[in-house]
Amino acid sequence: MPDIRHTPTAPTRAKVLAAGERIDAHRHDDHQIVYAGSGVLAVTTDAGTWFAPGNRAIWVPAGTVHAHRAHGHLDLHLVGLPADDNPLGLDAPTVLAVSPLLRELILVHTRDPAEDSPERRRLFAVLRDQLRASPQQPLRLPTPADPRLAAVCALVHADPADSRTLAALGAATGAGERTLSRLFRAEFGMTFPQWRTQSRLYHALRLLAEDTPVTAVAHRCGWSSASAFIDVFRRSFGHTPGTHNRRTEQGGQPPRGG
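Residues numbered from 1 in each chain as written. Predicted model: local features only at pLDDT ≥ 70, side-chain atom pairs only at ≥ 80, totals over all residues. Heavy atoms only, no water.

(A) Spotlight on the pattern of salt bridges. All told, the structure shown has eight salt bridges when counted by the stated rule. Linking R121 and D116 is a salt bridge whose minimum nitrogen-to-oxygen distance equals 2.6 Å. By relative accessible area, which is 47% here, R121 ends up partly exposed. Looking at D116, the relative accessible area reads 62%, which means it is exposed. For D129, the salt bridge identified is with R132, shortest N-O distance 2.3 Å. With D129 and R132 both in helix α2 (residues 118-132) and three residues apart, the pair spans about one turn of that helix. Relative accessible area serves as the criterion here: at 45%, R132 is assigned to the partly exposed category. (Salt bridge = Lys/Arg side-chain N within 4 Å of Asp/Glu carboxyl O. Buried < 20%, exposed > 50% of the residue type's maximum accessible area, 1.4 Å probe, protein only. Helix = DSSP H or I, 4+ residues; strand = E, 2+ residues; numbered from the N terminus.)

Next up, the structure:
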């Protein structure tokens, strides 16, 4: 691929990105944990897009070509690990749950990356232990390889509120429902309804990061009602969309005063 920046050492640092700001495609010889303390982070590779609000982080293995995009004001924290230090044993990008403790460890570790003290090394050891204990989360939009699948995915991404069935979407793109159903399972490992829910949640997170009202998010992303959206969102992220921004800024803790 052309114009791929190669930075051998994955940096450990904090960085602020404005809404819509991007970090173009690049790769490291090290592993990296990418965490958004506020806003929503999207990490894209050839294989797909992984997305994470403030109570999730993304594991990017060494050598992976990836790009970042900020949705909402993004408080970005990066933690680099040597290629021979893989506490997760993962060789593909993965979304991880971030507990309040892990959040604080990441914030402290990226606050002054030039510091080298016994205390910092002990904190990093605890951070690695917390990484190993972090549950994996299926917040990913795979990149379709088959052009028939890509055409259907493009229609849904262009209008998350489009409620057409897979058969109707197939008719609009010249593909059969059975063929498309098989492709969703073969390429993505999920059914069309499961994939569409992931797509709608991704768009919902982006809109919430822009402070769009919950009811408007629900309708723009294809839910029949705000209550249906709230139910799916709560089951996916453990809290309601109405408290989402406050909770992610606090690492999943309940907001004060409610």
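(B) Representation of the sheet that holds strand β8 (residues 66-71). One open sheet accounts for six strands, arranged β1-β3-β8-β5-β6-β12; its pairing is mixed. The strands lining the two open edges of the sheet, one partner per strand, are β1 (5-6) and β12 (140-142). Bridge count between strand β5 (residues 40-45) and strand β6 (residues 48-52): five bridges; the pairing is antiparallel. Its bridge partner being in β6, T45 is matched across the sheet by G48. (Pairing = 2+ DSSP bridges.)

(C) Looking closely at helix α1 (residues 100-111). The end-to-end C-alpha separation of α1 is 17 Å, in line with the 16 Å expected for twelve residues at 1.5 Å each. Listed in full, the buried residues belonging to α1 are L102, R103, L105, I106, L107, H109 and T110. (Expected span 1.5 Å × (residues − 1).)

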